[in-house]
Amino acid sequence: MSNQQKTSAIFYSIILLCCIGAYPVLSQQKLAAKSLSLSKVKGVKPRNIIFILTDDHRYDALGLLKAQSFIETPNLDRMAKEGAYLPNAFVTTSLCSPSRASILTGLYAHTHQVVDNNNPVSKELVFYPQYLQKAGYETAMVGKWHMGGEFDDPQRGFDYWVSFKGQGVYYPNGNTLNINGKSTPQKGYITDELTDYALEWLNSRKGDKPFMLYLSHKGVHAEFLPAGRHAGKFKDHNFMPPLTMQPGTHQDAPMWVQNQRNSWHGVEYPYHSNLNIGEYYKQYAETLYGVDESVGRVMAYLQEKGLLESTLLIYMGDNGFQFGEHGLIDKRTAYEESMRVPMLAHCPEQIKPGTVVKEVVANIDLAPTLLEAAGLTVPQHMDGQSFLPLMQGKRTVWREGLLYEYYWERNFPHTPTIHALRGDRYKYIHYHGIWDTDELYDLQTDSLETRNLIRSEAHQEIVKAMNKQLFEKLRSTGGMYIPLYEDKGRQQNLRYEYGTPGAAFPSYLKREDTDKPQQNKAQQAAEDAMQKKK
Ligand SMILES: [Ca+2]
């Protein structure tokens, strides 16, 4: 082989390698452990931080919104009144583990690669508390970790650790909590007990180091169980079912959405049971009331210690939750009730009372925001952006359109792989690996996403532009591949025999005058001619 041929061979090998593995390799490079020392921003005092995460708290289950007339969250309402309310907060993947990984790393799921609730988390991933620790913070994790399957061992980045395996349980049943590596029985109602541990840790601190507390509630994950004192609190109220819970209210819905009605994640066979969605919502609201009380206890503690003015307190849900919208329950989808979350912040020294941030913020922005509050420069490799300036009323260049992704799980096969772009006005949803229809919604005129405009003549330019923008975002962030993991866990793949049958194939994809009947006609003519000859 000549030198020129060798050079060509190497060149084409590189091209081939790039084609088959460029994006996963890029993702891995983004994960690669960087220095944990971030440069400090001059003149910024490291701020105390408390980040409270709630499980499956949907965006409108707030007293201030009254999505259901009886919902009450007085302490979260207080946060909005005295601090900032971010009505357009989203997650980039609506599922526990992927969203938690995005919060901790500032990365999209296709980069951190925690795309389901079962498979291990890469040891290469850097969690933002590691940077804080390195910068001199004392850090604590109290509550649900739930990444990488069933374990509760202390993880990197935390000086103090209280957690449990997987989802944990609301009431003790012989289970244990892991406290700094030591197995300790759970004593009481989980939301109260986690708050106790969090406040004990805050109270036990000595010295002048700034702190970061990550209080991660089990509430309000299904199956909802309120604190005894809140059980039945809302039982006499009426649940208003969402409009799209009724069949036929979602125009041109994809087949998979119609099929999911009669499945584990659908209203006809919810969790393979005869669960009443309205009663379930009331239990959700009662369970949430306990989480709201926890927020109140944390704020009361800060007030008592004279720390309420200076501490940055942020509250957020890890993903939304559907209660019948589009005939579905739970999360995963790119519909608003699934991908949208409550987000509130409180820090009178930095944020004016009654601040409303209209920009679209997301779980990937949490780590950058908290690092900025700590007076540190945000690492370049993070996908998110600090929204601290937005809360301070400063102008800043912000994203146009939020990338959403969800990767199909064998365990819950009803929801396909999704890539979506959520703009201020339009939402474009693109599916992968199924023979079905994509979606486009005009959120300004159709906030409930009832009219799929994907085939509307008037919207074809928008569809084309958003498709281009979606793939540009995927390409530029290393998302042009589909993550694949080994099978793990149980499959929830049943249908109810007497429920709605499978969706009809969309009429716009059907043809009457295809080649097939014409071939049949030609074949028939040939056969007739043969008969005549005989
Ligand atoms: Ca969750």
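Residues numbered from 1 in each chain as written. Predicted model: local features only at pLDDT ≥ 70, side-chain atom pairs only at ≥ 80, totals over all residues.

Where an unreviewed UniProt entry is consulted, the protein chain appears under the name Sulfatase, with the organism given as Rhodocytophaga aerolata. Listed under Sequence similarities (unreviewed entry) in UniProt, the entry text for the protein chain is "Belongs to the sulfatase family." (UniProt positions renumbered as here; feature names shortened; annotations may be inferred.)

*Asks:* How would you summarise the overall build of the protein chain if you had to cite specific residues and measurements?
*Replies:* If you tally the helices and strands in the protein chain, you get 13 helices and 18 strands. By the compact-globule yardstick of 24 Å for 534 residues, the protein chain fits well, its C-alpha radius of gyration being 26 Å. With the C-alpha coordinates of the protein chain rotated into their principal frame, the extents come out at 105 × 80 × 45 Å. Per-residue burial over the protein chain gives 46% buried out of 534 residues. Relative to all contacts within the protein chain whose residues are 6 or more apart in sequence, the contacts with residues 24 or more apart total 69%. (Helix = DSSP H or I, 4+ residues; strand = E, 2+ residues; numbered from the N terminus. Rg over C-alpha atoms; globule rule 2.2 N^0.38 Å. Buried ≥ 20, exposed ≤ 12 C-beta atoms within 10 Å, placed from the backbone. Contact = placed C-beta atoms within 7 Å.)

*Asks:* So, the sheet that holds strand 5 (residues 160-163): which residues are in play, and what are the values?
*Replies:* Taken in spatial order, the 10 strands line up as 7-6-5-4-8-1-9-12-2-13 in an open sheet, and their pairing is mixed. The sheet terminates laterally at strand 7 (182-185) and strand 13 (355-356), the two strands that pair on one side only. (Pairing = 2+ DSSP bridges.)

*Asks:* So, helix 3 (residues 96-105): which residues are in play, and what are the values?
*Replies:* In an α-helix, one turn spans 3.6 residues; hence positions three or four apart end up facing the same way. Within helix 3, 10 of the 10 residues are buried, which leaves it mostly tucked inside the rest of the structure. Of the surrounding elements, those touching the buried residues of helix 3 are strand 1 (49-54), helix 4 (109-112), helix 5 (128-134) and helix 10 (366-373). Looking at the residues trailing helix 3, positive phi occurs at G106, about 75°.

*Asks:* Could you give me a rundown of unusual backbone geometry, with the residues and numbers involved?
*Replies:* Look at the link from G219 to V220: it is a cis peptide, with omega at 10°. One can find V220 in the loop between strand 8 (211-216) and helix 7 (255-260). With an omega of -5°, the peptide bond running from A222 to E223 counts as cis. For E223, the location among the structural elements is in the loop between strand 8 and helix 7. Look at Q113: it is not a glycine, yet its phi comes out positive at around 65°. Counting through the fold element by element, Q113 comes out in the loop between helix 4 and helix 5.

*Asks:* Tell me about the sheet that holds strand 18 (residues 439-442), residues and numbers included.
*Replies:* Taken in spatial order, the 4 strands line up as 15-16-17-18 in an open sheet, and their pairing is antiparallel. Taken across any chain shown, the strands that pair with only one partner, and hence form the sheet edges, are strand 15 (402-406) and strand 18. For this sheet, the mean inter-axis angle between neighbouring strands, taken without regard to orientation, is 15°. Inspection of the sheet shows strand 15 paired to strand 16 (residues 417-422) by 5 bridges, in the antiparallel sense. Residue E405 lies in a different strand from strand 16, and its bridge partner there is H419. (Axes fitted to C-alpha atoms, helices over the stretch in contact; angles between N-to-C directions.)

*Asks:* I'd like a description of helix 2 (residues 74-82), backed by residues and values.
*Replies:* Residues of helix 2 that are buried: N75, L76, M79 and A80. The buried side chains of helix 2 occupy one side of the element, clustering within an arc of 150° when seen end-on. Its buried side turned inward, helix 2 meets strand 2 (84-85), helix 8 (277-304), strand 9 (312-317) and strand 12 (343-346). (Arc of directions from axis to C-beta.)

*Asks:* Residue-level account of the packing of helix 2 against helix 8, with values.
*Replies:* Where helix 2 meets helix 8, the axes come as close as 7 Å, and the angle between the chain directions of the two elements is 55°. When the axes of helix 2 and helix 8 are compared, the pair comes out oblique. Seen from helix 2, the contacting residues are P74, N75 and L76; seen from helix 8, they are D292, E293, V295, G296 and M299. Residues belonging to the contact of helix 2 with helix 8 are distributed by class as follows: 4 nonpolar, 2 polar and 2 charged. (Parallel < 35°, antiparallel > 145°, perpendicular 65-115°, else oblique. Nonpolar A, V, L, I, M, F, W, Y, C, P; charged D, E, K, R; others polar.)

*Asks:* Could you give an account of the nonpolar core, naming the residues involved and the relevant values?
*Replies:* Residues V142, L213, L344, A345, L370 and A374 are the most contacted members of the largest nonpolar core, which totals 128 residues. The element contributing the most residues to this core is helix 8, with 9 residues. Excluding residues within four positions of it along the chain, L344 makes contact with L76, M79, A80, G83, A84, Y85 and Y315. (Core = buried A, V, L, I, M, F, W, Y, C linked by C-beta atoms within 7 Å.)

*Asks:* I'd like to hear about the confidence of the model for the protein chain, residue by residue, with values.
*Replies:* Summing up the model confidence of the protein chain, the mean pLDDT is 92 and the portion of residues at 70 or higher is 92%. Note on residues 9-23: pLDDT under 50 across the span, and 4 contacts to partners over four residues away in sequence or across chains. (pLDDT = per-residue confidence, 0-100.)

*Asks:* Can you explain the environment of V357? Please cite residues and give values.
*Replies:* Mapped onto the elements of the fold, V357 is located in the loop between strand 13 and strand 14 (361-362). V357 gets classed as buried once you count the C-beta atoms within 10 Å, which come to 22. Taking the C-alpha atoms as reference, V357 lies 27 Å from Y301; in sequence the two are 56 residues apart. Among all residues touching V357, those that are not within four sequence positions of it are A84, L86, F387, L390 and M391.

*Asks:* Please set out the pairing of strand 7 residue by residue, giving values where relevant.
*Replies:* Side-chain positions along a regular strand alternate between the two faces of the sheet. With 4 bridges connecting them, strand 6 (residues 176-179) and strand 7 associate as antiparallel partners. Looking at the pairing, T176 lines up with P185 of strand 7. Counted along the chain from strand 6 to the antiparallel partner strand 7, the turn is 2 residues long, and its residue N180 has a positive phi close to 50°.

*Asks:* Tell me what's going on with the environment of Q113, and back it up with residues and numbers.
*Replies:* Residue classification places Q113 among the buried residues on the basis of 23 C-beta atoms within 10 Å. With 91 residues separating them in the primary sequence, Q113 and S204 have C-alpha atoms 36 Å apart.

*Asks:* With reference to specific residues and values, describe the environment of S273.
*Replies:* With respect to the helices and strands, the residue S273 is situated in the loop between helix 7 and helix 8. Assessed through the 9 C-beta atoms surrounding it within 10 Å, S273 is described here as exposed. Taking the C-alpha atoms as reference points, S273 and L366, 93 residues apart in sequence, are found 37 Å from one another.

*Asks:* Tell me about the packing of helix 6 (residues 190-204) against helix 8, and name the residues and values.
*Replies:* Interhelical geometry of helix 6 versus helix 8 gives an angle of 15° and a closest axis separation of 10 Å. By the angle class used here, helix 6 and helix 8 are roughly parallel. Remark: the crossing between helix 6 and helix 8 carries right-handed chirality. Residues T191, T195, A198, L199 and L202 of helix 6 lie in contact with helix 8, whose contacting residues are G290, V291, S294, R297, V298 and Y301. (Left-handed = near helix turned anticlockwise from the far one by under 90°.)

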